[in-house]
Amino acid sequence: CTPLLGSLAKVGFVVMTDASAAMHKRDHVAKELGIEITHAEVGLAVVSMTVEERMTNGLGVCHGGLLFTLADTAMAHASNAGNERTLSTTASIEWISTARIGDHLVATSRAVAQRGRNTVHDITVTNGNGDTVALVRGQTLTLGGPVLDA
């Protein structure tokens, strides 16, 4: 375990920092949507959820806002895993295909560029077949202060 990552909790196939685990424990939106964290370290996070009927819009597909929420959750864990409070400042989404009831979606966030307190993240949302459902690019700003004490 490197000092940069802090301590990592390994439960089954789940790997996350203490800061990420604490943040997820307090995340009421993620709990309500059934979002699970499978990997969270500085600059990289993988989260998932399964589309339920209550998540669909009037056309019977997963609401685009929930796809954005899944991607934003991945970016939050990639940017806060190092125990420095960080918030997203901007993000844009490209919806590539639809997600339907029963689809297991996985969002992977990777930090791709950093300058000072600003970091750019690319997030890919895929379905259980590995097909791309959405692409997101977001930027975060590190505010400082420990996530564990938030």
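One structure accompanies this document, and this report is about it. Predicted model, so just to flag it, every value in this text is computed and none were measured.

Description of the overall build of the protein chain
Within the protein chain one finds three helices and eight strands. Mapped from its N terminus to its C terminus, the protein chain presents α and β elements in the order β-β-α-α-β-β-α-β-β-β-β. In terms of overall size, the protein chain behaves like a compact globule, its C-alpha atoms giving a radius of gyration of 15 Å where 150 residues would be expected to give roughly 15 Å. For the protein chain, the spread of C-alpha atoms along the principal axes amounts to about 45 × 35 × 25 Å. Classification of the 150 residues of the protein chain by burial places 39% in the buried group.

Topic: the pattern of salt bridges
Opposite charge on two side chains permits them to pair, given that their charged atoms come into close proximity. Taken as a whole and judged by the stated rule, the model has three salt bridges. Among the ionic pairs, Arg 54 bridges to Glu 52, the shortest N-O distance being 2.6 Å. For Glu 52, a relative accessible area of 34% translates into the label partly exposed. In this structure, the salt-bridge partner of Asp 122 is Arg 137, at a minimum N-O distance of 2.6 Å. A residue pair is termed long-range when its members are at least 10 positions apart, and Asp 122 in strand β7 (residues 118–126) and Arg 137 in strand β8 (residues 132–142) qualify at 15 residues.

Some thoughts on the environment of Ser 97
Residue position: Ser 97 is located in the loop between β5 (86–95) and β6 (104–115). For the pair Ser 97 and Gly 58, spaced 39 residues apart in sequence, the C-alpha separation works out to 16 Å. Setting aside chain neighbours within four positions, we find Ser 97 in contact with Thr 132 and Val 133. Reaching out from Ser 97, the side chain makes a polar contact with the backbone oxygen of Thr 132 at a distance of 3.1 Å.

Points about unusual backbone geometry
Leaving glycine aside, a negative phi is the common case for residues, and trans is the common case for peptide bonds. Despite not being glycine, Asn 83 has its phi angle at roughly 70°, a positive value. Counting through the fold element by element, Asn 83 comes out in the loop between α3 (64–80) and β5.

Thoughts on the nonpolar core
Formed by 28 residues in total, the largest nonpolar core has its most connected members in Ile 35, Met 49, Leu 70, Leu 105 and Val 125. Of all the elements in the fold, those that place two or more residues in this core are α2 (28–33), β3 (36–41), β4 (44–50), α3, β6, β7 and β8. By residue number, the principal contributor to this core is α3, which donates seven residues.

Let's talk about helix α1 (residues 18–25)
Among the residues of α1, Ala 19, Ser 20, Ala 22, Met 23 and His 24 are the ones counted as buried. Contacts from the buried residues of α1 go to β2 (14–17), α2, β3 and α3.

Some thoughts on the environment of Val 51
If you trace the backbone, Val 51 turns up in the loop between β4 and α3. You can call Val 51 buried: its relative accessible area is 2%. When the C-alpha atoms of Val 51 and Leu 33 are compared, they prove to be 8.8 Å apart, with 18 residues separating the residues in sequence. In contact with Val 51, other than residues within four places in its own chain, are Thr 56, Cys 62, Ala 99, Arg 100, Ile 101, Gly 102, Asp 103 and Leu 105.

Notes on the side chain of Ser 20
As for its position among the elements, Ser 20 is in helix α1. Once you skip the residues sitting within four places of it in the chain, Ser 20 turns out to touch Ile 37, Ala 40, His 77 and Ala 81.

Here's the deal with α3
The end-to-end C-alpha separation of α3 is 24 Å, in line with the 24 Å expected for 17 residues at 1.5 Å each. Burial analysis of α3 places twelve of its 17 residues in the buried class, the great majority of the element. When we look at burial in α3, the residues that qualify are Gly 64, Leu 66, Leu 67, Leu 70, Ala 71, Thr 73, Ala 74, Met 75, His 77, Ala 78, Ser 79 and Asn 80.

Parameters at a glance
Residues numbered from 1 in each chain as written. Predicted model: local features only at pLDDT ≥ 70, side-chain atom pairs only at ≥ 80, totals over all residues. Heavy atoms only, no water. Helix = DSSP H or I, 4+ residues; strand = E, 2+ residues; numbered from the N terminus. Rg over C-alpha atoms; globule rule 2.2 N^0.38 Å. Buried < 20%, exposed > 50% of the residue type's maximum accessible area, 1.4 Å probe, protein only. Salt bridge = Lys/Arg side-chain N within 4 Å of Asp/Glu carboxyl O. Contact = heavy atoms within 4.5 Å. Polar contact = N/O pair within 3.5 Å; in protein donor to acceptor, adjacent residues only side chain to side chain. Core = buried A, V, L, I, M, F, W, Y, C linked by side-chain atoms within 4.5 Å. Expected span 1.5 Å × (residues − 1).

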